[in-house]
Amino acid sequence: MNDLHNWLEKIIHQAGIGLAGAPYLRSGLLAIASGLACLLAYQVTRRYLVRVIYALVRKTSFRWDDQLAEQNALKNLAHVVPALLLKMLIPVLFREPDTLYHLADKLANCYLTIAVMVVLTSLIKVIESVLVRTELFIEKPISSYFQILRIVIYIFTGILVLSEIMGKSPVYLLSAFGAMTAILLLIFKDTIMGLVASVQISANGMVKVGDWVEMPKFNADGDVIAINLYTVKIRNWDKTITTVPTYFFITDSFKNWRGMQESGGRRIKRSLYIDLHSVRFVTPEVRESYKRYQLISGYLRQRQSEIEQYNAEHGIDTSALINGRRMTNIGIFRNYALAYLRNHPFVNQDMAVMVRQLAMEDRGLPIEVYCFTNTTKWIEYEDIQANIFDHLLAAAAFFDLKIFQQPSGNDLLRVAEKLESR
């Protein structure tokens, strides 16, 4: 060791440099030499050793080891080698009492700490990327927990680096951070709120990746594509991306369509508005003509038998349509619509199927169709719903019913022409 220093000082003296500047030049040359040695070790490790390991990883059938390369874990590992080499060279190249010795030792410790931190975070990313692809965790927001773990590692690394530079114990810095708790809570407010929200979302199964959610407050309506510590990303149906802070999923209301998707059926709840002027009792002649409609021919016979029996038992004069119990065209149409749904191949018969009459409105009398399709796919659902109402809208005229609609410009023109012709 001393021989190396004496040899360098001898060369420096022979170069004509005085005794006063010789130690500094010697230290500078040793620092440059150690830096070049570390750089060489890094390049050799990265270009040869890491490349060989990378080639071996690519040949295996396992997928998890491929993530080592994709997350740069192997390349980051190359930083550890020069850091360890520098730690070994410092006692050899520098004299113990030398100021440069202590500076180099601190830099080496900081470099090694940061290198280990980089490798560790890369390995955590590898574990995260593997777990998010497994069936057990594919719908869990585990990215949030890994983000918290990385933040903790960054903070811990920063404390170690600061303690090394300042020459203080990490416990001393931690106690100082304890006094800054209020400031830290303010700085990491969103992180803390996001962590609490992600834990509650995961524990309660409120939102999963792939769920269809609606949040009108944020104009979000689409599939959840990512859940992390700070945000939930939603791909809307128009292919735009809405980013919502995670904690809003526990503080605000939202609609999750997962229940509908898991049930296997999607609800149809839509009304036909009947013009009240077209509602009337059904005469025997009209009733007989309705019996030609196969879906309700059996219902008409059974219903008429019940009505005739009731009217006969109560001695009701049936010469007037208003007396006793009578069938109406809207009642028959309602039962026809129900029979149509009961026989529809794409209506889920294991769920509620109903055709009901709602309260009258200024638009007419609502006849509501309430049922579930046997598919939850959006395009198929819309096609089934449209086909059902295509049929019912056209079928209303066969029962002498008119569908209500607001007067249009052509309606007003026809009224004006009739008035002019008088």
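So, here's what we can say about the structure. All values derive from a computational prediction rather than experimental measurement.

A tally of regular secondary structure across the protein gives 17 helices and 8 strands. Here the protein, with 422 residues, has 35% of them falling under the buried criterion. In the protein, the share of contacts with a sequence separation of at least 24, taken over all contacts with a separation of at least 6, comes to 63%. A total of about 25,400 Å² of accessible surface is found on the protein, and carbon and sulfur atoms cover 60% of it.

Even without glycine at this site, Asn219 takes up a positive phi of about 55 degrees. With respect to the helices, strands and loops of the structure, Asn219 is situated in the loop between strand 1 (212-215) and strand 2 (220-227).

All right, on to the pairing of strand 4 (residues 241-245) then. A regular strand carries its side chains on alternate faces of the sheet. Only one face of strand 4 is covered, namely the one carrying Thr242 and Val244; the face carrying Ile241, Thr243 and Pro245 has none of its residues buried. Judged from the 5 bridges that link them, strand 3 (residues 231-236) and strand 4 form a sheet pairing that is antiparallel. Bridge pairing in strand 4 links Lys233 to Thr243.

A separate point is the packing of helix 14 (residues 294-313) against helix 15 (residues 329-342). Viewed as axis vectors pointing N to C, helix 14 and helix 15 meet at an angle of 125 degrees, and their least axial separation amounts to 9 Å. Relative to helix 15, the element helix 14 is oriented oblique. As helix 14 packs across helix 15, the resulting crossing turns out to be right-handed. In this structure, helix 14 contributes Leu295, Ile296, Tyr299 and Leu300 to the contact, and helix 15 contributes Ile332, Asn335, Tyr336, Ala339 and Tyr340. Residue composition of the contact of helix 14 with helix 15, grouped by class: 8 nonpolar, 1 polar and no charged.

The next point concerns the nonpolar core. Grouped together as the largest cluster of nonpolar side chains are 33 residues, with contacts concentrated most on Ile332, Leu341, Ile388 and Phe399. Counting residues per element, the ones that place at least two in this core are strand 6 (267-274), helix 14, helix 15, strand 8 (365-372) and helix 16 (378-395). Ranked by the residues each element gives to this core, the list is headed by helix 15, at 7 residues. With near-sequence residues (within four places) excluded, Phe399 lies in contact with Tyr290, Tyr293, Ile296, Asn329, Ile332, Phe333 and Tyr336. In terms of nonpolar packing, the next biggest core, distinct from the first, is built from 14 residues, Ala197, Val213, Val224 and Ile234 among them.

With that settled, the discussion passes to helix 14. For helix 14, with 20 residues, the first-to-last C-alpha span of 30 Å sits near the 28 Å given by 1.5 Å per residue. Within the sequence span of helix 14, burial applies to Ile296, Ser297, Leu300, Gln304, Ile307 and Asn311. Where helix 14 is buried, its residues touch helix 13 (284-290) and helix 15. Where helix 14 terminates, the next one or two residues include Gly315, which has phi positive at roughly 60 degrees.

On to the packing of aromatic side chains. Counted by the stated rule, this structure contains 13 aromatic pairs. Relative to Phe248, the ring of Tyr247 lies with its centre 5.0 Å away and its plane at 35 degrees, an arrangement referred to as tilted. Neither Tyr247 nor Phe248 differs from the other in exposure class; each is buried. Judged by centre distance (5.2 Å) and plane angle (55 degrees), the ring pair of Tyr290 and Phe399 falls under tilted. Highlighted residues: Tyr290 in helix 13 and Phe399 in the loop between helix 16 and helix 17 (409-421), separated in sequence by 109 residues. For Tyr290, a relative accessible area of 2% translates into the label buried. Every member of this aromatic cluster is reached through a ring pair, and the members are Tyr290, Tyr293, Phe333, Tyr336, Phe398 and Phe399.

For the rest of this paragraph, the subject is the sheet that holds strand 7 (residues 354-357). In a beta sheet, neighbouring strands are held together by backbone hydrogen bonds and run either parallel or antiparallel to one another. Ordered by their spatial adjacency, 3 strands build an open sheet running 6-8-7, and the pairing between neighbours is antiparallel. Single-partner strands in this sheet number two, and they are strand 6 and strand 7. Averaged over neighbouring strand pairs, the angle between their axes works out to 20 degrees when direction is ignored. Sheet topology note: the strand 7/strand 8 ladder contains 4 bridges and is antiparallel. Bridge pairing in strand 8 links Met354 to Tyr370. Running over the sheet, helix 16 touches strand 6 and strand 8 and is turned about 25 degrees from strand 6.

This paragraph deals with the sheet that holds strand 4. With antiparallel pairing, the 5 strands of this open sheet are ordered in space as 4-3-2-1-5. Edge positions in the sheet fall to strand 4 and strand 5 (255-256), since each has one partner strand and no second.

Let's shift gears to the packing of helix 15 against helix 16. Interhelical geometry of helix 15 versus helix 16 gives an angle of 150 degrees and a closest axis separation of 11 Å. Relative to helix 16, helix 15 is oriented roughly antiparallel. In this structure, the crossing between helix 15 and helix 16 has a hand that is right-handed. In this structure, helix 15 contributes Phe333, Tyr336, Ala337, Tyr340 and Leu341 to the contact, and helix 16 contributes Asn387, Ile388, His391, Leu392 and Ala395. In the contact of helix 15 with helix 16, the residues fall into 8 nonpolar, 2 polar and no charged.

Calculation notes
- Residues numbered from 1 in each chain as written.
- Predicted model: local features only at pLDDT ≥ 70, side-chain atom pairs only at ≥ 80, totals over all residues.
- Heavy atoms only, no water.
- Helix = DSSP H or I, 4+ residues; strand = E, 2+ residues; numbered from the N terminus.
- Buried < 20%, exposed > 50% of the residue type's maximum accessible area, 1.4 Å probe, protein only.
- Contact = heavy atoms within 4.5 Å.
- Areas by Shrake-Rupley, 256 points an atom, 1.4 Å probe, with all protein chains shown as cover.
- Pairing = 2+ DSSP bridges.
- Axes fitted to C-alpha atoms, helices over the stretch in contact; angles between N-to-C directions.
- Parallel < 35°, antiparallel > 145°, perpendicular 65-115°, else oblique.
- Left-handed = near helix turned anticlockwise from the far one by under 90°.
- Nonpolar A, V, L, I, M, F, W, Y, C, P; charged D, E, K, R; others polar.
- Core = buried A, V, L, I, M, F, W, Y, C linked by side-chain atoms within 4.5 Å.
- Expected span 1.5 Å × (residues − 1).
- Phe/Tyr/Trp six-rings, centres within 6.5 Å; stacked < 30°, edge-to-face > 60°.

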